[in-house]
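Chains, contacts and geometry: an overview
If you want the building blocks of each chain, they are given just below.
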Amino acid sequence: MFIISTVSEDSYQHIQGKTSRKVWLSLERAYAPITTSLEFTLKNQLLRITTKGDEKPADYLSRVNEYATALANIGEPMKDKDLVMLTIAGLREEYNVIKGNLLTR
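Rules used in this analysis
- Residues numbered from 1 in each chain as written.
- Predicted model: local features only at pLDDT ≥ 70, side-chain atom pairs only at ≥ 80, totals over all residues.
- Heavy atoms only, no water.
- Helix = DSSP H or I, 4+ residues; strand = E, 2+ residues; numbered from the N terminus.
- Buried < 20%, exposed > 50% of the residue type's maximum accessible area, 1.4 Å probe, protein only.
- Contact = heavy atoms within 4.5 Å.
- Axes fitted to C-alpha atoms, helices over the stretch in contact; angles between N-to-C directions.
- Parallel < 35°, antiparallel > 145°, perpendicular 65-115°, else oblique.
- Left-handed = near helix turned anticlockwise from the far one by under 90°.
- Core = buried A, V, L, I, M, F, W, Y, C linked by side-chain atoms within 4.5 Å.
- pLDDT = per-residue confidence, 0-100.

1. Let's talk about the overall build of the protein chain
The helix and strand tally for the protein chain stands at six helices and zero strands. Each helix and strand of the protein chain, placed in order from N terminus to C terminus, yields the pattern α-α-α-α-α-α. Sorting the 105 residues of the protein chain into buried and exposed places 25% on the buried side. The long-range share in the protein chain, meaning contacts at least 24 apart out of those at least 6 apart in sequence, stands at 41%.

Below, the structure is given as structure tokens:
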């Protein structure tokens, strides 16, 4: 309610969502400048994403999802199959059954 109460009437048309995060993201999509640099940065981060040290798989997947959501929010969503391939490629060997199977063939 705080966010909604602080925006101008002209901005109401851009407000979507029932949570403060969704409202904020809808306003961000409407007003934040979308630059090629931001798109490049987000895609590069996804292309290079790997599990960190002793990072739990859930935390890793959360990071992947954050980048994918950010790309979707600027109008550049990744295809699901591409996102899955990048996610699997960044897993450590102990979690990556598919990668291990491909290497042994």
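2. Details of the side chain of Asn73
Of note, Asn73 is situated in helix α4 (residues 57-73). Beyond its immediate sequence surroundings of up to four residues, Asn73 is in contact with Leu25 and Arg29.

3. Points about the packing of helix α3 (residues 36-47) against α4
Where α3 contacts α4, the two axes come as close as 10 Å, and the packing angle between them is 150°. Regarding the angle of α3 to α4, the classification is roughly antiparallel. In this structure, α3 meets α4 at a crossing whose hand is left-handed. Contact residues: α3 offers Glu39, Leu42, Lys43, Gln45 and Leu46, while α4 offers Val64, Tyr67, Ala68, Ala70 and Leu71.

4. Brief notes about the nonpolar core
Membership of the largest hydrophobic core is limited to eleven residues, which are Leu42, Leu46, Ile49, Tyr60, Val64, Ala68, Leu71, Ile74, Leu83, Leu86 and Leu91. Elements represented by at least two residues in this core include exactly α3, α4 and α5 (80-89). Ranked by residues supplied to this core, first place goes to α4 with four residues. In contact with Leu71, other than residues within four places in its own chain, are Glu39, Leu42, Lys43, Leu46, Glu76, Pro77 and Met78.

5. Some remarks on the confidence of the model for the protein chain
Of the residues in the protein chain, 74% have a pLDDT of 70 or more, and the chain-wide mean is 80. Here helix α6 (residues 97-104) stands out as the least confident element of the protein chain, with mean pLDDT 55; α5 is the most confident, with 94.

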